[in-house]
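Residue-level structural notes
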Amino acid sequence: PTSRRAPTSNPVKNLGQRQDVSKDCRSTAQRTTMTDEFISDYLKPEIRVTASIQNHQLKAEENHVDNRLSATDDNRKSTTDNRIATTDNRKATTDNRNLTTDDRKLTSDNHVNNNIKSEEFSGLAPSPKFQRTNSLRDSKRKTEKGLSKEAVDALQATEDYTKVTLKTGHSQKAVKEVEGGKEQTQDTLLLQIKGKLSMQTRLVATHFSSLNAHDTYILVTSSHLYQFNGANTTVMKKSKGTEICNAITMAKEFKCMADRATILEQSRGSYMLKQFYQLLNTNSENDQVSEKLLDDEDFEQEMIRDNLCYKLNAETDSFELMEDLSGRRLKHSRLRDNEIYCFDYGPEVYVWIGKNADKSARRNAMVAGRQIFDAKQRPSWGVFERVAGGLEHSLFREKFKDWPDVNAKNVLAVKNPCAPKKDKISYAQMEPCDVHEMRRPLPEKPPGLVLEMTDVGRGTGLPTDLSQDIFGHDVETTGVEMWRITDNSYEE
C-alpha cells in the first residue's frame, strides 16, 4: 500500500481535501491489521516447532554431560578408597611386625631373667654370658631412648626441696656472725684526698663540716657516686679522685651500683651541688665550704705517724704489734699470703687475711681484731672490716705506696696500619722517665717558638735566631689565650 502526503497548503481552506486524507488513513490501518493476522495464522506454528526441537537437543546434551561427570566422580572415589585400603593394610602389617619384635624381646628378657634367678637361687653367681647380655640390653635402651638409665631415673625422681637446707660454708656472712668479731660498716662513705708527695685517701665524717676548698672528696652511697673538687684543689688530687671513682664503678665497691661518677666543681656551681650538700646533712643552705688551709706535707706526716700494723700469732690467737711496719706507709711486697695482719688507721681498722692463711685462725683473727677496734674510742662513722687477699677495695689499697694498678695489668694494644703482616698488633709499653736526663742543665741557647716561619724566641726580648728579618727588634707578648676542652664542649 502507498501512503499519501497531506498537501502543503493550509487544509482548513479546503475542507474537501481534509476528508480525503482521513479516508486514506483508515484504509492504511485496515491493511496493516490484515498482514499481522496472516503472519500469525501461517508462520507462527513453524517457528514454535523449530524452538521446541532446539530445546530437546540442549536437554539431551546436558544429560549426557551430567552422566559423564557423575561417572568420573565415581571412578575417582573408588580409586581413593582403594588407596586408603592399601595404606591401612600396610599399617596393619607394620603393627604386626612390631608386635612380633616386642614379643621376641620380652621372651628373651624373660628367658635371661629366669636363668639369672635360677642361678641366684642355686647360690651361683650369674655367668658372664648373661651379664654381657644385660649390658647389651642396657646399651640398646640407651641408644633407643637417647638417655642413660641414670638420667631417666633422675628425671623420674621427685624431691621435696622445702626440706633441703644448704650449708653456709666459709663466706663473708658467716664471718660477720662470729661472736665477738662482728664487722662495722657504713652505708654512706665520705673519702678525703689530700697530700702532695705521698697522696693520702682517708675516711672522714659524712658531714658538711668535713669539706675543704683545697681538697678533693668522694661521696659513696648505694646508688650515687660524687666527686667534689674544691675551688683551690690541685690537678693531682683531681686525677687521684677520678682514678678511685673508676675503680669503684668498675668493681661495684662498697655496694655502690652507680654506673659513673658525677663530677662537681665548687667554682662553677651546679644544681647537683644542692643534692650533694643534702646528703652531707647540712643545716642551712647558707653554709660555706671551709677555706682553712692545712699544709699537705704536715697532714701526710701526721697521718703516717699514727699508722699501726699488727700480725696474728697462731699460738696465742692474738695480734702482736709490728714496730718495723708501724709509723710508715707500707709497700705491697711486705704482705705475705700465709699471714694475717690487722691495720689500724684511726677510724679505719682492717683485718687482712692472706690467700693461704690457716682456716682455723681466720675466725679467731676477727675476734682479736674487734678487740683492737674496741680498745680505743672510735667515731660512730668508723669502720671495722675483713679484707680478703686479692679482693681489696680502693680505700684499703690507697694505704700502700706501691700497690699494683688493677687497671694497668691489661697491656694496651694499638693497631698499627703500617705494621707488616706478621706483626699485625704493636703493644705500647709504659716506661718511667729517665731522671738523669731530666736533671741535665738546659742548653745555652734556649729553645724558641716559630710562628709563620719566623722565630720569635721565648716571647720577650731578642729572638734566638738573629738571622731573621726582625733583627734588631724586641719581641713582646701582648696576650695569652687558653682553652679547656672537655668531652662534649670547650671553654675559654
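Okay, so let's go over this structure.

Definitions and cut-offs
- Residues numbered from 1 in each chain as written.
- Predicted model: local features only at pLDDT ≥ 70, side-chain atom pairs only at ≥ 80, totals over all residues.
- Heavy atoms only, no water.
- Buried < 20%, exposed > 50% of the residue type's maximum accessible area, 1.4 Å probe, protein only.
- Helix = DSSP H or I, 4+ residues; strand = E, 2+ residues; numbered from the N terminus.
- Pairing = 2+ DSSP bridges.
- Right-handed = clockwise from strand over helix to strand, strands pointing away.
- Phe/Tyr/Trp six-rings, centres within 6.5 Å; stacked < 30°, edge-to-face > 60°.
- Lys NZ or Arg CZ within 6 Å of the ring centre and 35° of its normal.
- Core = buried A, V, L, I, M, F, W, Y, C linked by side-chain atoms within 4.5 Å.
- Contact = heavy atoms within 4.5 Å.
- Expected span 1.5 Å × (residues − 1).
- Patch = residues over 30% accessible without salt bridge, like charges linked within 9 Å, V, L, I, M, F, W, Y side chains within 5 Å.
- Areas by Shrake-Rupley, 256 points an atom, 1.4 Å probe, with all protein chains shown as cover.
- Salt bridge = Lys/Arg side-chain N within 4 Å of Asp/Glu carboxyl O.
- Lys, Arg positive; Asp, Glu negative; His and termini not counted.
- Charge placed at Lys NZ, Arg CZ, Asp CG, Glu CD.
- Polar contact = N/O pair within 3.5 Å; in protein donor to acceptor, adjacent residues only side chain to side chain.
- Axes fitted to C-alpha atoms, helices over the stretch in contact; angles between N-to-C directions.

A few words on the pairing of strand S10 (residues 383-388). Look at any regular strand and the pattern is simple: side chains alternate between the two faces of the sheet. Of all six residues in S10, five are buried, a share of seventy percent or more. Strand direction decides the pairing type here: strand S9 (residues 348-353) and S10, joined by six bridges, are parallel. Bridging across to S10, Trp-352 finds its partner in Val-387. Handedness of the crossover is the feature at issue here: the chain leaves S9, passes through helix H9 (residues 360-375), returns alongside S10, and the resulting connection is right-handed.

As a further point, take the packing of aromatic side chains. Tallying each qualifying case throughout the model produces 15 aromatic pairs. Here Tyr-341 and Trp-352 contribute two aromatic rings whose centre-to-centre distance is 6.0 Å and whose plane-to-plane angle is 40°, an arrangement assigned as tilted. Separated by 11 residues along the polypeptide, Tyr-341 in strand S8 (residues 340-344) and Trp-352 in strand S9 bring together distant segments of the chain. Accessibility expressed as a relative area gives 3% for Trp-352, which makes it buried. Ring geometry for Tyr-345 versus Tyr-350: centroids 6.4 Å apart, planes at 55°, classification tilted. For the pair formed by Tyr-345 and Tyr-350, the shared burial category is buried. Members of the aromatic cluster, joined through ring pairs, are Tyr-341, Phe-343, Tyr-345, Tyr-350, Trp-352, Phe-396, Phe-400 and Trp-403. Between Lys-194 and the ring centre of Phe-299, over which it is positioned, the NZ or CZ distance is 5.9 Å. Residue placement shows Lys-399 over the ring face of Tyr-345; its charged tip is 5.5 Å from the ring centre.

Counting 30 residues, the largest nonpolar core has Ile-218, Val-220, Leu-225, Phe-343, Phe-396 and Phe-400 as its most contacted members. Contributing elements (two or more residues each) for this core: strand S1 (189-194), strand S3 (216-220), helix H6 (235-251), S8, S9, S10 and helix H10 (394-397). For Phe-396, the residues in contact, after removing those within four places along its chain, are Phe-343, Tyr-350, Trp-352, Val-387 and Trp-403.

Given a rise of 1.5 Å per residue, 16 residues ought to cover 22 Å, and the 24 Å separating the end C-alpha atoms of H9 matches this to within 8%. Listed as buried for H9 are Ala-361, Arg-362, Ala-365, Met-366, Ala-368, Gly-369, Arg-370, Ile-372 and Phe-373.

Let us look at the pairing of strand S5 (residues 262-265). Pairing geometry for strand S4 (residues 225-229) and S5, over four bridges, is parallel. Bridging across to S5, Gln-227 finds its partner in Ile-263. In terms of handedness, the path from S4 via H6 over to S5 forms a crossover that is right-handed.

So, on to a negative patch on the surface. On the surface, Asp-295, Glu-297, Asp-298, Glu-302 and Asp-306 cluster together into a patch of negative charge. If you trace the backbone, Asp-295 turns up in the loop between helix H7 (271-279) and helix H8 (296-305). Of the residues examined, Asp-295 reaches a relative accessible area of 40% and is grouped as partly exposed.

Among the secondary structure elements, Asn-212 is positioned in the loop between strand S2 (200-204) and S3. What makes Asn-212 buried here is its relative accessible area of 12%. Polar contacts involving the side chain of Asn-212 include one to the main-chain amide nitrogen of His-214, which spans 2.9 Å.

Right, let's talk about the side chain of Ser-394 for a bit. With respect to the element layout, Ser-394 can be found in helix H10. Overall, the relative accessible area of 2% leaves Ser-394 in the buried class. Discounting chain neighbours no more than four positions away, the residues touching Ser-394 are Ile-244, Ala-247, Ile-248, Glu-253 and Phe-254.

It is worth spelling out a nonpolar patch on the surface at this point. A contiguous nonpolar patch, built from Trp-483, Ile-485 and Tyr-490 and spanning about 430 Å² of accessible area, is present on the exposed surface. The topology assignment puts Trp-483 in the loop between strand S16 (475-476) and strand S17 (484-485). A relative accessible area of 46% means that Trp-483 is categorised as partly exposed.

Looking now at the sheet that holds S4. Strands sit in the order S2-S1-S3-S4-S5 across an open sheet of five strands; the sheet is mixed. Where the open sheet ends on each side, the last strands, each with one partner, are S2 and S5. Taken pair by pair, the neighbouring strands of this sheet meet at an average axis angle of 25°, ignoring direction. When S1 meets S3, the two strands line up antiparallel, connected through five bridges. Paired with Ile-193 across the strands is Thr-216, a residue of S3.

One non-glycine residue, Phe-254, lies in the positive phi region at around 60°. Locating Phe-254 in the fold gives a position in the loop between H6 and S5. One non-glycine residue, Asp-317, adopts positive backbone phi at about 55°. On the secondary structure map, Asp-317 appears in the loop between strand S6 (308-313) and strand S7 (318-321). For Asp-317, a relative accessible area of 32% gives the class partly exposed.

We now examine the pattern of salt bridges. This model, assessed by the stated rule, comprises 18 salt bridges. With a shortest N-O distance of 3.3 Å, Asp-296 and Lys-237 are connected by a salt bridge. Remark: Lys-237 occurs in helix H6 and Asp-296 occurs in helix H8; sequence separation between them is 59 residues. Taken as a pair, Asp-296 and Lys-237 share a single burial class, namely buried. Between Arg-268 and Glu-491 there is a salt bridge, with the nearest N and O atoms lying 3.3 Å from each other. With a gap of 223 residues between them, Arg-268 in the loop between S5 and H7 and Glu-491 in strand S18 (residues 490-491) connect regions that are remote in the sequence. Connected through shared salt-bridge partners, Lys-194, Asp-215, Lys-237 and Asp-296 make up one network.

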